[in-house]
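Notes for the structure review
Each chain is listed here by its residues.
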Number of protein chains: 2
Amino acid sequence: MTRWPLPEPMRMALEAAASAADAGEVPIGAVIVKDGVVIAAAHNSPREDHDPTAHAEVMAIRAAAAKLGQERLTGCDLWVTLEPCAMCAGAIVHARLARVYYAASDPKGGAVEHGAKVFDAPGCLHRPEVYSGIGESEAADMLRDFFKARR
Amino acid sequence: MTRWPLPEPMRMALEAAASAADAGEVPIGAVIVKDGVVIAAAHNSPREDHDPTAHAEVMAIRAAAAKLGQERLTGCDLWVTLEPCAMCAGAIVHARLARVYYAASDPKGGAVEHGAKVFDAPGCLHRPEVYSGIGESEAADMLRDFFKARR
């Protein structure tokens, strides 16, 4: 059997997630793409950075905006290994990201299809296109292995 | 008539908001207090910093966590001049802030008593105590003047 290959940005987000695990952080990775080119990649790093806002998505958004020297990431895409939480979904709104691709769903902390459902909330100022499930098993396995090893 | 004085942290948050306006940023300020001592103050700075996540609350949380050298702000209080958005409410959850005091409500972008109502969403991992309306007119007047001058 030939398994359909993952899109390159999701492969890179999974690599970033793996490096988070190596650093003792919950393995979540994110990548931002503009016009087909990866302009930022980051992993979850709240412990390392002493920063509760240092989720992979926030770190990637901050890096991409700094690189472009602008406040917004209009027309850019975010690839992330786990469903964004409320903080990250809010950051995606403020950044005006065009598309969000995420791998695994997160029934506990996710706020796209779960919980606060930020993009569907009344008055949400910007709704990106959202695609889920790309690299789902790879991302979920990495999280499962990480938490199993720590128990 | 004697107007009841504002609590010191809210007075400082309003000062931070005023300095945001001076820098051409939407005037919102935030302060973090631990054991009665202000450990961080910040203002909204997404334009200046080229960072869509640079809301006053996020900047104050990052500064406070860096100062304490820890991932969480357990037992700390946040004072902010405007109702937090979904991103900032999510950051408050991750930081485990004990109490949130905000001045003006934000029916358009707020996510505490409006929109995504992050703290009330199913599965929310931490709910701070929330107090609103302290310094409401001062904060709202500052925002109104800012937007009026830009029109």
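Above this text is the structure in question.
Figured I'd write up the structure that's included with this text. (Residues numbered from 1 in each chain as written. Chains lettered and ligands numbered in written order. Predicted model: local features only at pLDDT ≥ 70, side-chain atom pairs only at ≥ 80, totals over all residues. Heavy atoms only, no water.)

Details of the packing of helix α4 (residues 86–95) of chain A against helix α4 (residues 86–95) of chain B
Contact geometry of α4(A) with α4(B) gives a least axis separation of 7 Å together with a crossing angle of 155°. Considered as vectors, α4(A) and α4(B) are oriented roughly antiparallel to each other. Considering how the two elements wind past one another, α4(A) and α4(B) form a crossing that is left-handed. Between α4(A) and α4(B), the contacting residues are Ala86(A), Met87(A), Gly90(A), Ala91(A) and His94(A) on the first element and Ala86(B), Met87(B), Gly90(B), Ala91(B) and His94(B) on the second. Of the residues assigned to the contact of α4(A) with α4(B), the class counts are six nonpolar, four polar and no charged. (Axes fitted to C-alpha atoms, helices over the stretch in contact; angles between N-to-C directions. Helix = DSSP H or I, 4+ residues; strand = E, 2+ residues; numbered from the N terminus. Parallel < 35°, antiparallel > 145°, perpendicular 65-115°, else oblique. Left-handed = near helix turned anticlockwise from the far one by under 90°. Contact = heavy atoms within 4.5 Å. Nonpolar A, V, L, I, M, F, W, Y, C, P; charged D, E, K, R; others polar.)

Things to note about the interface of chain A and chain B
Each partner contributes residues to the interface: chain A has 29 residues there, and chain B has 29 residues. The junction of chain A with chain B conceals about 2300 Å² of combined surface from both sides, 66% of it contributed by carbon and sulfur atoms. Inspection of the region where chain A meets chain B yields four salt bridges. Asp51(A) is the partner of Arg62(B) in a salt bridge, and the nearest nitrogen-oxygen pair spans 2.8 Å. Of all the elements in the fold, those that place two or more residues in the side of chain A that touches chain B are α2 (46–49), α3 (56–68) and α4 of chain A. In terms of residue count, α4(A) provides more of the side of chain A that touches chain B than any other element does, six residues in total. (Buried area = accessible area lost by both parts, 1.4 Å probe. Salt bridge = Lys/Arg side-chain N within 4 Å of Asp/Glu carboxyl O.)

Concerning the sheet that holds strand β1 (residues 29–34) of chain A
Residue and element names in this part refer to chain A. What the five strands build is an open sheet, ordered β2-β1-β3-β4-β5; its pairing is mixed. Edge positions in the open sheet fall to β2 (37–43) and β5 (129–132), since each of these has one partner strand only. Neighbour-to-neighbour, the strand axes of this sheet turn through a mean angle of 15°, independent of strand direction. Here β1 runs beside strand β3 (residues 77–82); their pairing, made up of four bridges, is antiparallel. If you follow Val33 over to β3, its bridge partner there is Asp77. Helix α1 (residues 8–22) rests against β1, β2, β3 and β4 (99–104) of the sheet, and its axis sits at about 145° to β1. Contacting β1, β2 and β3, α3 crosses the sheet at an angle of about 140° to β2. (Pairing = 2+ DSSP bridges.)

Everything listed here is a matter of coordinates, which is why it stays silent on function.
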